Amino acid sequence: SLEAMRQERIQAAAQATEPLSDRERLLLVEGVGERTVAALEESNYKPLREILGEDEDRLAVRSGLGIKRVRALRSALRSFVENEQSILDAARKQG
């Protein structure tokens, strides 16, 4: 499942010695998989701050994800950014 893959990525990220790329960070966000990342990359959205800073309607049109998906993505992304360190710290403790 998408969530199982996300948890595996979180475990791997927690053990990483190099900083994560924007792509790697985006794949740690709940509900985000390869297709969503590809749609964003093809629309030239890479840094997380660009996705959060873009107008929802414009992001939906440019990425082709649709407004409902964009709203869910931005909500999950905000939550991830606010909790990224604690998510990785918890994974380190488990690992």
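Relevant structure appears above.
Residues numbered from 1 in each chain as written. Predicted model: local features only at pLDDT ≥ 70, side-chain atom pairs only at ≥ 80, totals over all residues. Heavy atoms only, no water.

*Asks:* Can you break down the overall build of the protein residue by residue, with the values?
*Replies:* In terms of regular secondary structure, the protein is built from six helices and zero strands. Starting at the N terminus, the α and β elements of the protein follow one another as α-α-α-α-α-α. Taking 95 residues into account, the globule formula puts the C-alpha radius of gyration at 12 Å, and the protein, at 13 Å, falls close to it. Seen through its C-alpha atoms, the protein measures out along the principal axes to roughly 40 × 25 × 20 Å. (Helix = DSSP H or I, 4+ residues; strand = E, 2+ residues; numbered from the N terminus. Rg over C-alpha atoms; globule rule 2.2 N^0.38 Å.)

*Asks:* Which residues make up the packing of helix H1 (residues 2-15) against helix H6 (residues 67-94), and what values do they have?
*Replies:* Their axes nearest at 8 Å, the elements H1 and H6 cross at an angle of 85°. Here H1 lies roughly perpendicular to H6, going by the angle between them. The segment H1 lies against H6, with Ile 10, Gln 11, Ala 13, Ala 14 and Gln 15 engaging Ile 87, Leu 88, Ala 91, Arg 92 and Gln 94. Split by residue class, the contact of H1 with H6 holds six nonpolar, three polar and one charged. (Axes fitted to C-alpha atoms, helices over the stretch in contact; angles between N-to-C directions. Parallel < 35°, antiparallel > 145°, perpendicular 65-115°, else oblique. Contact = heavy atoms within 4.5 Å. Nonpolar A, V, L, I, M, F, W, Y, C, P; charged D, E, K, R; others polar.)

*Asks:* So what's going on with the pattern of salt bridges? Residues and values would help.
*Replies:* Within the structure shown, the criterion is met by 10 salt bridges. A salt bridge links Arg 23 to Glu 41; the nearest nitrogen and oxygen atoms lie 3.0 Å apart. Of this pair, Arg 23 sits in helix H2 (residues 22-26) while Glu 41 sits in helix H3 (residues 34-42), placing them 18 residues apart in sequence. Look at the salt bridges and you will find they share partners, linking Arg 9, Arg 23, Glu 34 and Glu 41 into a network. (Salt bridge = Lys/Arg side-chain N within 4 Å of Asp/Glu carboxyl O.)

*Asks:* Talk me through the nonpolar core; I want residue IDs and the actual numbers.
*Replies:* Grouped together as the largest cluster of nonpolar side chains are 22 residues, with contacts concentrated most on Leu 26, Val 29, Leu 40 and Ile 51. Secondary-structure elements contributing two or more residues to this core are H1, H3, helix H4 (48-53), helix H5 (56-63) and H6. Those residues in contact with Leu 26 that lie beyond four places of it in its chain are Val 32, Val 37, Leu 40, Leu 48, Ile 51 and Leu 77. (Core = buried A, V, L, I, M, F, W, Y, C linked by side-chain atoms within 4.5 Å. Buried < 20%, exposed > 50% of the residue type's maximum accessible area, 1.4 Å probe, protein only.)

That is the geometry; function is a separate question.
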